[in-house]
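Each chain, written out:
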Amino acid sequence: MADYIFTSQRLGFRNWVSADVPSMTEISANKEVMEFFPYEATPAQTKTFIERMQTMFTENGYCYFAVDRIDTNEFIGFIGLCYQKNNLSFSPYIDIGWRLSPKHWGNGFATEGAKRCLQYAFEKLKLKTILSTAPLANIKSIAVMEKIGMSKKFEFIHPKLLGNKYLENCVCYSVSKKTS
Ligand SMILES: CC(C)(COP(=O)(O)OP(=O)(O)OC[C@H]1O[C@@H](n2cnc3c(N)ncnc32)[C@H](O)[C@@H]1OP(=O)(O)O)[C@@H](O)C(=O)NCCC(=O)NCCS
């Protein structure tokens, strides 16, 4: 078994390695996966993304983690946390997000993994509030936000998606560490 930062019942969460580049490139170039993004990623963009995640992990102790199924050791995509510096009016904030290979959709992996990441964020990293955003059209992703206990805060027009009628109307969900 790989050297995981943490695990959930069926998933292992780790930092990225260069061997992940081809698999993640395939996922991020898939039209179905990228339905709610303005474009599919090129191999160069995915390599840059992975390097950015490695740096974020070194600096913050979190990133969108590379995720494996523990039963098969298969890499399935990413679930995790990302520091969003300055892309939106409510930045900076820490985002929770996910992108999995369609081969593994519909098994509850995104929900299981995101719940575990929130636990890691609040208990280990001592973070206070996590946000998540998606186009309103991305029903599956919004369902994951609700299933992990996040609450809808507001809708907004994404400045980078302005003019794209399918994607520009977005929603922001939030969850905060429970104080006892
Ligand atoms: C979003 C994504 C991670 C979900 O992965 P997943 O492992 O299949 O998700 P889960 O099985 O944990 O949960 C998906 C939930 O979405 C809901 N859902 C699935 N298909 C749906 C549909 N067509 N309509 C409404 N809800 C749907 C269900 O509530 C389902 O949960 P349940 O059936 O177990 O109650 C995956 O589809 C993905 O990688 N999409 C592309 C990337 C992406 O859009 N990322 C988010 C960017 S904002």
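Refer to the preceding data block for the structure.
Residues numbered from 1 in each chain as written. Predicted model: local features only at pLDDT ≥ 70, side-chain atom pairs only at ≥ 80, totals over all residues. Heavy atoms only, no water.

Student: Tell me about the pairing of strand 8 (residues 169-176), and name the residues and values.
Tutor: With six of eight residues buried, strand 8 lies mostly within the body of the structure. The pairing of strand 6 (residues 129-135) with strand 8 spans seven bridges and is classified as antiparallel. Opposite proline 135, over in strand 8, you have cysteine 170 as the bridge partner. Alignment of strand 7 (residues 151-157) against strand 8, held across six bridges, turns out to be antiparallel. (Buried < 20%, exposed > 50% of the residue type's maximum accessible area, 1.4 Å probe, protein only. Helix = DSSP H or I, 4+ residues; strand = E, 2+ residues; numbered from the N terminus. Pairing = 2+ DSSP bridges.)

Student: Outline the site of the ligand, listing residues and values.
Tutor: Surveying the vicinity of the ligand reveals 21 residues, the closest of which are Leu100, Gly106, Gly108, Thr111 and Lys147. The contact in question runs from a nitrogen atom of the ligand to an N or O atom on the backbone of tryptophan 98, over 2.9 Å. Between an oxygen atom of the ligand and a main-chain N or O atom of leucine 100, the distance comes to 2.8 Å. Protein contact buries 69% of the 970 Å² of open area that the ligand shows by itself. Secondary-structure elements contributing two or more residues to the shell around the ligand are strand 5 (93-100), helix 3 (109-124), strand 6 and helix 4 (139-147). No other element matches helix 4, which puts six residues into the shell around the ligand. Of the residues in the shell around the ligand, the class split is eleven nonpolar, seven polar and three charged. (Near = heavy atom within 4 Å. Polar contact = N/O pair within 3.5 Å; in protein donor to acceptor, adjacent residues only side chain to side chain. Areas by Shrake-Rupley, 256 points an atom, 1.4 Å probe, with all protein chains shown as cover. Nonpolar A, V, L, I, M, F, W, Y, C, P; charged D, E, K, R; others polar.)

Student: Help me get a handle on the pattern of salt bridges, residues and values and all.
Tutor: It is possible for side chains bearing opposite charge to pair when their charged atoms get close. As enumerated under the stated definition, the model contains nine salt bridges in all. The closest approach of N and O atoms between glutamate 155 and lysine 152, which form a salt bridge, is 2.7 Å. Owing to a relative accessible area of 45%, glutamate 155 belongs among the partly exposed residues under this scheme. A relative accessible area of 43% means that lysine 152 is categorised as partly exposed. The partner of glutamate 168 in a salt bridge is lysine 165, with the nearest N and O atoms 3.0 Å apart. (Salt bridge = Lys/Arg side-chain N within 4 Å of Asp/Glu carboxyl O.)

Student: For the packing of aromatic side chains, give the residues involved together with the corresponding values.
Tutor: Applying the stated rule across the entire model yields 16 aromatic pairs. Note on tryptophan 16 and phenylalanine 75: the rings are 5.7 Å apart at their centroids and 65° apart in plane angle, and the pair reads as edge-to-face. Within this pair, whereas tryptophan 16 is found in the loop between strand 2 (11-14) and helix 1 (21-28), its partner phenylalanine 75 is found in strand 4 (residues 75-84), the two being separated by 59 residues in sequence. On the accessibility criterion, tryptophan 16 (3% relative accessible area) is buried. A connected cluster of aromatic rings, assembled from ring pairs, spans Phe6, Phe13, Phe57, Phe65 and Tyr120. Stacked on the ring of phenylalanine 37, the Lys or Arg arginine 99 has its end atom at 4.7 Å from the ring centre. (Phe/Tyr/Trp six-rings, centres within 6.5 Å; stacked < 30°, edge-to-face > 60°. Lys NZ or Arg CZ within 6 Å of the ring centre and 35° of its normal.)

Student: Can you lay out the packing of helix 1 against helix 2 (residues 43-60) for me, pointing to particular residues and giving the numbers?
Tutor: The angle between the axes and the distance between the axes are what describe a pair of packed helices. Two elements in contact, helix 1 and helix 2, have axes whose closest approach is 9 Å; the angle formed by their N-to-C orientations is 120°. On the basis of their axis angle, the class for helix 1 and helix 2 is oblique. Relative to helix 2, helix 1 is oriented so that their crossing is right-handed. Contact with helix 1, carried on its side by Val21, Met24, Thr25 and Ser28, involves Pro43, Thr46 and Ile50 of helix 2 and no other residues of that element. Classifying every residue of the contact of helix 1 with helix 2 by side-chain character gives four nonpolar, three polar and no charged. (Axes fitted to C-alpha atoms, helices over the stretch in contact; angles between N-to-C directions. Parallel < 35°, antiparallel > 145°, perpendicular 65-115°, else oblique. Left-handed = near helix turned anticlockwise from the far one by under 90°. Contact = heavy atoms within 4.5 Å.)

Student: Outline unusual backbone geometry, listing residues and values.
Tutor: Here serine 91 and proline 92 are connected by a cis peptide whose omega angle stands at -5°. Look at asparagine 73: it is not a glycine, yet its phi comes out positive at around 65°. Position of asparagine 73 among the secondary structure elements: in the loop between strand 3 (64-69) and strand 4. Judged by its relative accessible area of 49%, asparagine 73 falls in the partly exposed class. In this structure, lysine 126 takes a positive phi of about 60° despite not being glycine. Looking at the element boundaries, lysine 126 is found in the loop between helix 3 and strand 6. Assessed through its relative accessible area of 54%, lysine 126 is described here as exposed.

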